[in-house]
Amino acid sequence: MKKAAILFILAGAVLAAAPAAAQTDPEILEIIDEVDRMMQGASSAGSMRMEIDTEHWSRSLEMQVWSLGTEYSLIRVESPAREAGTATLKVENEVWNYLPRADRTIKIPPSMMLGSWMGSHVTNDDLVKESRLIEDYDIVISHDGDRDGEDVWEFTMTPRPEAPVIWGRIEQRIRKRDRMPLWAHYYDEDGTLARTMTFSDIRTMGGRTIPTRIMIEPADGEERTVITYVAIEFDVGLDEDFFSLRNLRAHQ
Amino acid sequence: MIRFPTLGWLALRNLGRELRRSALTAAAMTVGLALLILSRTLADGAHEDWIDSGVRLASGHVSFNAPGYRDSESLDDRLDAGQLEASLGAAALAPLTEPSITTVRVATRGLASSADGALPALIVGVDPASELAFSRLGAEPATGRYLQEGDRLHAFIGAGMATRLGLRTGSRMVLTAQVASGDIAGQLVRVVGTYRTGLDDLDEALVHIPLSVARSWLGVEGATSVSMVLPHSAFTDPVLAEARATLEGAGIEVAGWPETARELYSAVRIDDAGDWVFHLILFAIVTLAILNAVFMSVLHRKRELGLLRSLGLSGAETGLVVFVEGVLLTIASGLLGVALGFALVWAFFRNGLDLTDIMPADITFGGIVFNPVMYPSIELTHLVQSVALTTVIGLSASLYPAWHAARLDPAESVKVE
Amino acid sequence: MAWRNLWRNRRRTFLTASALSFGFVAAVLMMGFMNGMMEEMVSNGTEVVTGQIQIHAEAYRPERSIHDTMGGREGLDVGALVAAAEAQNGVAGVAPRLYGGGLVSSGDETVGAVLMGVDPEREPRVSRFASVFVEGGMPGPGEVAVGAALADKIGIAVGDEAVLVAPAADGSTGNDLFGVSGIYRLDLGGFDDSYALLELGTLQDFLAMDRGRIHEVAISVDRVRDADPVAERVAVAVAGLSPDLATEPWSVFLGQLYFVVSLASAMNSVVAFMIFGMAIFGVANTMLLATFERRREFAVARALGTSGVALGRIVVYEGLLLGVVALAAGAALAFPLLAHIRANPIDLSAFVGTYSFMGSAIRPQLTVEYSFQEPLVSAVALLGTGIVSALLPAWRAARLPPADVLADR
């Protein structure tokens, strides 16, 4: 299972706050809380590019994205032409797709939630997975200080004994000065790297500093998915009603 | 009219005098009966074996469910705690002379995922001790061990699933399913062992976890099914009838294996038809061998029988002597045949008949579902049928020579051919 | 002289001969039924969908990735491949196929399904899809046919439109509306609830694949038992079209069926062994008795100066003559019987119904399959047994002093 997600969900998701974090150092909780506040609760509208390289094909998609917190998002493909208009709506735990050629909306059945989203290394499940990192993992600072000329924290997250998570360990590097995540490495229990997520091109966009490029690489191949933000605006005044099936199929 | 003991003595003396011929005639009956017993016993054994291994992987010989569960396979159609108690009570009351195995399951469909991927799964919460005896999935683990009393976050999975998800003993795995409340929930488990049935559908999908874990994860108090494996499939109907009577009005559906394992039932029925044809042929050829032997011996007894006539026996008496001969021969060879049949069966019972020796060498498929060792099973009705058939043939075959002897012209018969 | 001897004792001759001919009929019939059941199992397991031979790209199985088409990304000349396979002796039908995984949706209901691209003209010669339509028929261009259980699940009928969504070979997401051309019921669980059939070219377009790209060629053969040699011929014939082709008979790609058939066959051969044993025993027994009863006759012959060797020769000649006549009679009875059963299989559906087992839909009937080799072997075995069991007592009789035998000592 690829636990990647698109940027606006992910940046928050990586360190989303949750209650009852008994085992984790309060200092870490504070850091996480800061990162979290940066991403959560905000509504946003933007456009992004997704480049996917697989063993068999490579492609690039341009899309428009709207979101409200981590619960609501709407993504509409602009190009290539063959898929223009294809849209995905995520509301809480459910995902719908709008198919322009058929002019129909379909709800992704539970059995298909682990299928790939738009052919990328992101699954439908990644889109809905509520991050419960603090509930599920004990987090310690495994490194505090200089790495590659940056003052950073490195967190090591190990699953709580009974947490329903597949990873054996997640490592994450966060830049101290702006609380920016730099990368996350996902390991299985044997310590084998299973997936890497890299955040880069940290810039100010729409008034906030965010990583504008996320690369998701499964460890077992030459494949990758790169998501790049072209533009984004925050606090654009969207509410829940915007994320409706009607809007899903509305043409621009 | 001579007295019966004299007649019997004459018959016995005749048989003894022509020991070789008697032996050959008797051999036809003995060998025929023994083969009939052996082959039917083996065929019945094979069927019982199919049924037994089939129902163990399915819902047992008899299963208790909430109405609608067998179609929906949904947690919504489950037995509540009270119905579970009632079902277990009915199962315990089953009219059986030998112990049966009763197991309680909470089953649901969901996803099994690891760092390597995800697969659709049939997740079954089981009581380790009774389930081990019931399904025997854990009797010979491919790796690791089966679930035990006191296990908590453990799972026993198929070798196919282990390969597809890159799991070993001790690996973590997350099960995800819709729980009773309607939410989707995950459950962490660790692999304790794997099984290999040889059926890809099962080996990639069926997961056993402890019943207590399944209950707390899925938010279920009762169970989705209570299943029984009986000592023999023949007990199915009486147990079914008794359980239905006991549970009248309790809102519990009691079903037998012909309903819950339809394919298996049809397979057994169709193979029965094949066996019926084979045994018809075997019956026919045994009949012919006996008739042949008896007729052959009567043809060459003219001299001997003529001698009896010249000693003063009437035609009817001579015929009676010959018939008694036949009866004695039939009884003796019947007894011998049963003895030989059982001896052969016993030999097979002890060792089983390993069919792998006569199967093509390039077979790589294996597992615990299809047992390539044949063990006989004695069905009383079939045994009685075989014995009755040979007896009837033996006796009726003796009538002809008797009639022949009775009609013999004494003067003609003493002539040398 | 042998003939005269046999004729002189017609009743004995008749009894002995009947043992032989009936033993032969029983043995041949039994083997016929046994082979018939085995072939029936294989036919049932292969005629519904898979065919008896399949060609794939070597890399296709077991993952069945959409990208592993024959001839790689460029594909190959499908027409030439089909023609090459069709030209082989023993091949009955050849059907090219393409597979994809996707969603089939109608109204609010969506289910995952395997999309199977078929050639509607060729498919009926290999699989049963075309003949099991409950309603409508095979899909034409732009149409889809689905299994009855799937149709039920999402609530569609012939004439409705279904939405199909599938990841295409170029990474895009194919989605379109297709008219439902028909609903079939194979009575094979998986195929009825999670398969959708499309015309091959339509699915190729949908999955963004060229006309030369297919995953599978399924081949049916004239006689199931010839699958292996036919597969070898096909493999040779298609080898030149692409270097990556793997041609396999059913025993390879349906390993489970092969195992079950072999197991059932082994069980049957145990029963067969008994029937044959009983036939042999019957012949030996009758022959021993018959010859035993002729000791006097032999003794007289010896007393009259016939040598032991000459006597043995007479017994053998008699046995041979008797055997040939008896076996000819047996064959005259057995073969028409076999041919009759083969033409009119014994229908068992009255008491089992149609069902599927081990993934194959079973047509419950008993039929026979026969060759001429097995009857020949049985005939020789029975004849040999007869002569040996005639010679043994004859030889003993010839060795004893004639006076003893005549005195019945």
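Residues numbered from 1 in each chain as written. Chains lettered and ligands numbered in written order. Predicted model: local features only at pLDDT ≥ 70, side-chain atom pairs only at ≥ 80, totals over all residues. Heavy atoms only, no water.

**Observations regarding the overall build of chain A**
And then number 1: Scanning chain A for helices and strands turns up five helices and 13 strands.
And then number 2: Across the 252 residues that make up chain A, the buried fraction comes to 56%.
And then number 3: Pairs at least 24 apart in sequence give 49% of the contacts found in chain A among residues at least 6 apart.
And then number 4: Per element, the accessible surface of chain A, about 10,400 Å² overall, is 45% carbon and sulfur. (Helix = DSSP H or I, 4+ residues; strand = E, 2+ residues; numbered from the N terminus. Buried < 20%, exposed > 50% of the residue type's maximum accessible area, 1.4 Å probe, protein only. Contact = heavy atoms within 4.5 Å. Areas by Shrake-Rupley, 256 points an atom, 1.4 Å probe, with all protein chains shown as cover.)

**Considerations on the packing of helix α3 (residues 78-86) of chain C against helix α7 (residues 227-238) of chain C**
Residue and element names in this part refer to chain C.
And then number 1: For the pair α3 and α7, interaxial distance at closest approach is 9 Å and the crossing angle is 145°. In the packing of α3 onto α7, the handedness of the crossing is right-handed. Contacts between α3 and α7 involve L81, A84 and A85 from the former and V234, A237 and V238 from the latter.
And then number 2: Per-class residue counts for the contact of α3 with α7 are six nonpolar, no polar and no charged. (Axes fitted to C-alpha atoms, helices over the stretch in contact; angles between N-to-C directions. Left-handed = near helix turned anticlockwise from the far one by under 90°. Nonpolar A, V, L, I, M, F, W, Y, C, P; charged D, E, K, R; others polar.)

**Things to note about the interface of chain C and chain B**
And then number 1: Facing 56 residues of chain C, the contacting portion of chain B comprises 59 residues.
And then number 2: Per-residue buried area on chain C facing chain B is highest for C:F259, C:M274 and C:M278; these three make up 13% of the total on that side.
And then number 3: At the boundary of chain C and chain B, one finds zero residue pairs in polar contact (both at pLDDT 80 or more).
And then number 4: Elements represented by at least two residues in the side of chain C that touches chain B include exactly α2 (10-47), α9 (255-292), α10 (295-303), α12 (349-352), β12 (355-357) and β14 (365-366) of chain C.
And then number 5: Counted by class, the side of chain C that touches chain B contains 35 nonpolar, 14 polar and seven charged residues. (Buried area = accessible area lost by both parts, 1.4 Å probe. Polar contact = N/O pair within 3.5 Å; in protein donor to acceptor, adjacent residues only side chain to side chain.)

**Brief notes about the domain arrangement of chain C**
And then number 1: Taken domain by domain, chain C comprises domain 1 (2-45 + 258-406) and domain 2 (51-253).
And then number 2: Here the C-alpha centroids of domain 1 of chain C and domain 2 of chain C sit 48 Å apart. (Domains from an automatic or database assignment.)

**Focus on a negative patch on the surface**
Residue and element names in this part refer to chain A.
And then number 1: On the surface, a cluster of negative charge is contributed by E51, D53, E62 and E78.
And then number 2: Residue position: D53 is located in strand β1 (residues 43-53).
And then number 3: Classification of D53 by relative accessible area gives partly exposed; the value is 31%. (Patch = residues over 30% accessible without salt bridge, like charges linked within 9 Å, V, L, I, M, F, W, Y side chains within 5 Å. Salt bridge = Lys/Arg side-chain N within 4 Å of Asp/Glu carboxyl O. Lys, Arg positive; Asp, Glu negative; His and termini not counted. Charge placed at Lys NZ, Arg CZ, Asp CG, Glu CD.)

**A short note on the pattern of salt bridges**
Residues and elements named next belong to chain A.
And then number 1: Inspection of every chain in the model, using the stated rule, returns 42 salt bridges over all chains.
And then number 2: A salt bridge links R249 to D103, with the shortest nitrogen-to-oxygen separation between them at 3.4 Å. Taken together, the residues R249 in helix α5 (residues 245-249) and D103 in the loop between β5 (94-99) and β6 (104-107) connect sequence positions 146 residues apart.

**Quick word on the nonpolar core**
And then number 1: In this structure, B:F278, B:I281, B:L355, C:F33 and C:W250 are the most contacted members of the largest nonpolar core, which totals 92 residues.
And then number 2: Here this core gets 20 residues from one element, more than from any other, and that element is α9(C).
And then number 3: Not counting chain neighbours up to four residues away, the residues in contact with C:F33 comprise B:V277, B:F278, B:I281, C:I341, C:I346, C:L366, C:T367 and C:V368.
And then number 4: Listed in part, the 48 residues of the second largest apolar core include C:I55, C:M70, C:I183 and C:L198. (Core = buried A, V, L, I, M, F, W, Y, C linked by side-chain atoms within 4.5 Å.)

**Focus on the interface of chain B and chain A**
And then number 1: Each partner contributes to the interface: chain B provides 18 residues, whereas chain A provides 15 residues.
And then number 2: For the pair chain B and chain A, the summed buried area comes to about 1,300 Å², and 53% of that belongs to carbon and sulfur atoms.
And then number 3: On the surface where chain B and chain A come into contact, there are four salt bridges.
And then number 4: A salt bridge links B:R168 to A:D190, with the shortest nitrogen-to-oxygen separation between them at 3.1 Å.
And then number 5: Inspection of the region where chain B meets chain A yields six residue pairs in polar contact (both at pLDDT 80 or more).
And then number 6: Secondary-structure elements contributing two or more residues to the side of chain B that touches chain A are β2 (101-114), β3 (117-126), β6 (172-178) and β7 (184-195) of chain B.
And then number 7: Among the elements that take part in the side of chain B that touches chain A, β7(B) stands out by supplying four residues, more than any other.

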